[in-house]
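Secondary and tertiary structure notes
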Amino acid sequence: MELNGEEKDFTGEELLSLLHNTSPDIRFRAFSTFLEKHAEQGIVFNTVFNTMALDHGQEMELRGYGSPIQPTNIGNEIPDQAVEHLMSVTEANYGLAQQYFRIKAGMLGMQKIRNCDIYAPVAESGKQYSFDEARQLTVEAYQGFDPDFGRIIQAFFDERRVDVMPRAGKSGGAFAMGISPAAPPFLLLNYTGTLRDIATIAHEAGHGLHFVLSQKQTMLNYHAPLPLAETASVFGEMLLTRMLLDREQDPAVRRSLLCAKIEDIIATTFRQTVLTRFELRLHEERKNGLLSNDRIGQIWLEENARLFGDAVDMIPSYRWGWSYISHFIHSRFYCYSYTFAELLVLALYRKYREQGDGFKAGYRRLLESGGSLSPADTAALAGIDITEAGFWQKGYDFLGELIEELKTAI
Ligand SMILES: [Zn+2]
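Values in this document were obtained by computation on a predicted structure and should not be read as measured data.

Right, let's talk about the overall build of the protein chain for a bit. Counting secondary structure elements, the protein chain contains 18 helices and seven strands. The C-alpha atoms of the protein chain give a radius of gyration of 22 Å, which matches the 22 Å a tight globule of 410 residues would have. Long-range contacts, defined as pairs at least 24 residues apart, comprise 74% of the intrachain contacts of the protein chain with a sequence gap of at least 6. As displayed, the protein chain offers around 18100 Å² of accessible surface, 53% of which is attributable to carbon and sulfur atoms.

As structure tokens, then:
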């Protein structure tokens, strides 16, 4: 792709990171190039998706599963009806996402955004933070909740259990490693000094905290099950965002903090539900025979259109958007776990705001329980009943409040 007058080779990750570029033209070309490169491998993707769905369908038949998603639900210890309910409540709230997309169009000075503009930066605050500042902010965010949490996270830095800076040959992204209840956990970061990077430290520190607290468990129960694995990390990010919002005077930074949080929530709830609905339809239709790429693309666009409504235009090459979601191939129906986790955290966070100190002991017990209980029983430790009618809606009400807060910051 040509960038700044120069033709250059990019990796897929590099192209996707250009979705955060300030130029609408670069965002469009980067996403189009990324998708068109996938289209060139259409025969391969078609074979992989068709074969994978056929294989899964045959296994379902042999083992007597009632639906393609059932094996995943059993593994997650979440009843089928609860997952369906989670998804239908999410779909009933697609209007909230559309409301945000229209606000974002206004902030970007566009009539209507395209799906390559969703992550466009709203304000180039460009503020950079030294690692010491970032570490301090993270520790403070946790300390404000519970001094002991602050101490546990400080120990990662004091005991040099964090690999901070990017360097040649080091793996990208960020990660927390909980080895066993008998060994201290470690963190991997690639710190570059942005606000986003501080949120990443808060996120990984949350995993680290979860691993330390669940050291009470045995090796078999040490790791939290999938739908609960992101509880402490996302909760920690909420603590940090709230602390930064409460302190920040600069309206541009406040706006970008709020937009980043709202976009995160949209990506982990609404988008994951679109992915799961698409995946369900793919498996159901495969029962009737081979699917063409046209048909797969059609199902994909239909499910995305339900989310975007008339608030977002999809770029033409997006009909290939399904081909790069590796979860469809590597871990079937994984995606709704993100929705579950995010909404659970929003509910926990709301409860914390309501109850204050009274909430803390239950939340600590939740983290300490590791993977010893089912998701429903774990959540109950913090006073959360995930089977209660209207439970999931509360998470979306909280998102609605964040959108209202953003409106007052514009
Ligand atoms: Zn995580």
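Quick look at the coordination of the zinc ion now. The coordination sphere of the zinc ion contains the protein donors His203 (NE2), His207 (NE2), Glu230 (OE) and Glu230 (OE), at a distance range of 2.1 to 2.7 Å. If you look at the zinc ion, its four donor atoms make angles of 52 to 139° with each other, and the shape they trace is irregular. For His203, a relative accessible area of 15% corresponds to the buried category. Among the residues examined, His207 registers a relative accessible area of 12% and is labelled buried.

Here we come to the sheet that holds strand S6 (residues 186-188). Pairing in this open sheet of three strands is mixed, and the strands run S4-S6-S5 from one edge to the other. Edge strands, defined here as strands with exactly one partner in the open sheet, are strand S4 (162-163) and strand S5 (175-177). Bridge count between S5 and S6: three bridges; the pairing is antiparallel. What sits directly across from Ala176, in S6, is Leu187.

For the rest of this paragraph, the subject is the environment of Pro184. The topology assignment puts Pro184 in the loop between S5 and S6. When neighbours within four sequence positions are excluded, Pro184 is seen to be in contact with Arg161, Ile179 and Gln215.

Applying the stated rule across the entire model yields 36 salt bridges. The salt bridge involving Asp313 is made with Lys112; its shortest N-O contact spans 3.1 Å. Of this pair, Asp313 sits in strand S7 (residues 312-313) while Lys112 sits in the loop between helix H6 (94-108) and strand S3 (113-114); the two residues are 201 residues apart in sequence, bridging distant segments of the chain. By sharing partners, the salt bridges in this structure join Glu84, Glu91, Arg277, Arg281, Glu302, Glu303 and Arg306 into a single network.

In this section: the packing of aromatic side chains. Within this structure, the stated rule accounts for 34 aromatic pairs. Through pairs of rings, three or more aromatic residues link up here, namely Phe31, Phe34, Phe45, Phe49, Phe278, Trp300, Tyr318, Trp320, Trp322, Tyr324 and Phe328. A cation over a ring is seen here: Arg161 above Phe156, with NZ or CZ 4.3 Å from the ring centre. Between Lys360 and the ring centre of Phe145, over which it is positioned, the NZ or CZ distance is 5.4 Å.

Turning our eyes to something else, we now look at the nonpolar core. Core analysis: the largest hydrophobic core is formed by 99 residues, its most contacted members being Phe101, Phe235, Leu240, Phe270, Leu344, Leu348 and Tyr363. Of all the elements, helix H15 (residues 336-355) adds the most residues to this core, at ten residues. Not counting the four nearest positions on each side in its chain, Leu348 is found in contact with Thr231, Phe235, Phe359, Tyr363, Leu366, Ala382 and Ile384. Ala30, Phe31, Phe45 and Trp300 belong to the second-largest nonpolar core, a separate cluster that totals 29 residues.

Mapped onto the fold, Pro166 is located in the loop between S4 and S5. A C-alpha to C-alpha distance of 18 Å links Pro166 and Glu133, two positions 33 residues apart in sequence. In this structure Pro166 touches Asn190, Tyr191 and Thr192, once residues within four positions along its chain are discounted.

All right, on to the state of the cysteines then. Disulfide: a covalent bond connecting the sulfur atoms of a pair of cysteines. Tallied over the full model, the rule gives zero disulfides. A disulfide-free cysteine, Cys116 has its sulfur positioned 17 Å from the sulfur of Cys259, the nearest such atom. For Cys116, a relative accessible area of 1% corresponds to the buried category.

Attention now goes to the side chain of Lys104. Within the secondary structure layout, Lys104 lies in helix H6. Judged by relative accessible area, Lys104 falls into the buried class, the value being 1%. Setting aside its immediate chain neighbours within four residues, Lys104 contacts Asp117, Ile118, Tyr119, Ala120, Val122 and Glu263.

A few words now on unusual backbone geometry. In this structure, Asn4 takes a positive phi of about 50° despite not being glycine. Along the chain, Asn4 turns up in the loop between strand S1 (2-3) and strand S2 (6-7). Taking the relative accessible area as the measure of exposure, Asn4 reaches 72% and is therefore exposed. At Glu77, a residue that is not glycine, the phi angle is positive and equals roughly 55°. Checked against the element boundaries, Glu77 lands in the loop between helix H4 (70-76) and helix H5 (80-92).

Taking 1.5 Å as the rise per residue, helix H9 (residues 195-213) with 19 residues should run 27 Å; its terminal C-alpha atoms sit 27 Å apart, in good agreement. Taken across its 19 residues, H9 has 16 buried, putting it largely inside the fold.

Now for a nonpolar patch on the surface. A surface patch of nonpolar side chains, amounting to about 380 Å² of accessible area, comprises Phe175, Met177, Ile179 and Phe186. If you trace the backbone, Phe175 turns up in strand S5.

All right, on to the side chain of Asp146 then. Mapped onto the fold, Asp146 is located in the loop between helix H7 (131-145) and helix H8 (147-158). In terms of polar contacts, Asp146 uses its side chain to reach the backbone amide nitrogen of Asp148, at 2.8 Å.

Attention shifts here to the packing of H6 against helix H12 (residues 270-286). Packed helices, taken two at a time, are described by the angle their axes make and the gap between the axes. Closest axis-to-axis distance for the H6/H12 pair is 10 Å, and the angle between their directions is 125°. By the criterion of interaxial angle, the relationship of H6 to H12 is oblique. The hand of the H6/H12 crossing is left-handed. Only Phe270, Thr273 and Val274 of H12 make contact with H6, whose side of the interface consists of Tyr94, Leu96 and Ala97.

Scoring rules and cut-offs
- Residues numbered from 1 in each chain as written.
- Predicted model: local features only at pLDDT ≥ 70, side-chain atom pairs only at ≥ 80, totals over all residues.
- Heavy atoms only, no water.
- Helix = DSSP H or I, 4+ residues; strand = E, 2+ residues; numbered from the N terminus.
- Rg over C-alpha atoms; globule rule 2.2 N^0.38 Å.
- Contact = heavy atoms within 4.5 Å.
- Areas by Shrake-Rupley, 256 points an atom, 1.4 Å probe, with all protein chains shown as cover.
- Donors = N, O, S within 2.8 Å, 3.2 Å for Na, K, Ca; no water.
- Tetrahedral: all angles 85-135°; square planar, octahedral: opposite > 155°, others 65-115°.
- Buried < 20%, exposed > 50% of the residue type's maximum accessible area, 1.4 Å probe, protein only.
- Pairing = 2+ DSSP bridges.
- Salt bridge = Lys/Arg side-chain N within 4 Å of Asp/Glu carboxyl O.
- Phe/Tyr/Trp six-rings, centres within 6.5 Å; stacked < 30°, edge-to-face > 60°.
- Lys NZ or Arg CZ within 6 Å of the ring centre and 35° of its normal.
- Core = buried A, V, L, I, M, F, W, Y, C linked by side-chain atoms within 4.5 Å.
- Disulfide = S-S within 2.5 Å.
- Expected span 1.5 Å × (residues − 1).
- Patch = residues over 30% accessible without salt bridge, like charges linked within 9 Å, V, L, I, M, F, W, Y side chains within 5 Å.
- Polar contact = N/O pair within 3.5 Å; in protein donor to acceptor, adjacent residues only side chain to side chain.
- Axes fitted to C-alpha atoms, helices over the stretch in contact; angles between N-to-C directions.
- Parallel < 35°, antiparallel > 145°, perpendicular 65-115°, else oblique.
- Left-handed = near helix turned anticlockwise from the far one by under 90°.

In short, geometric facts, not functional conclusions.
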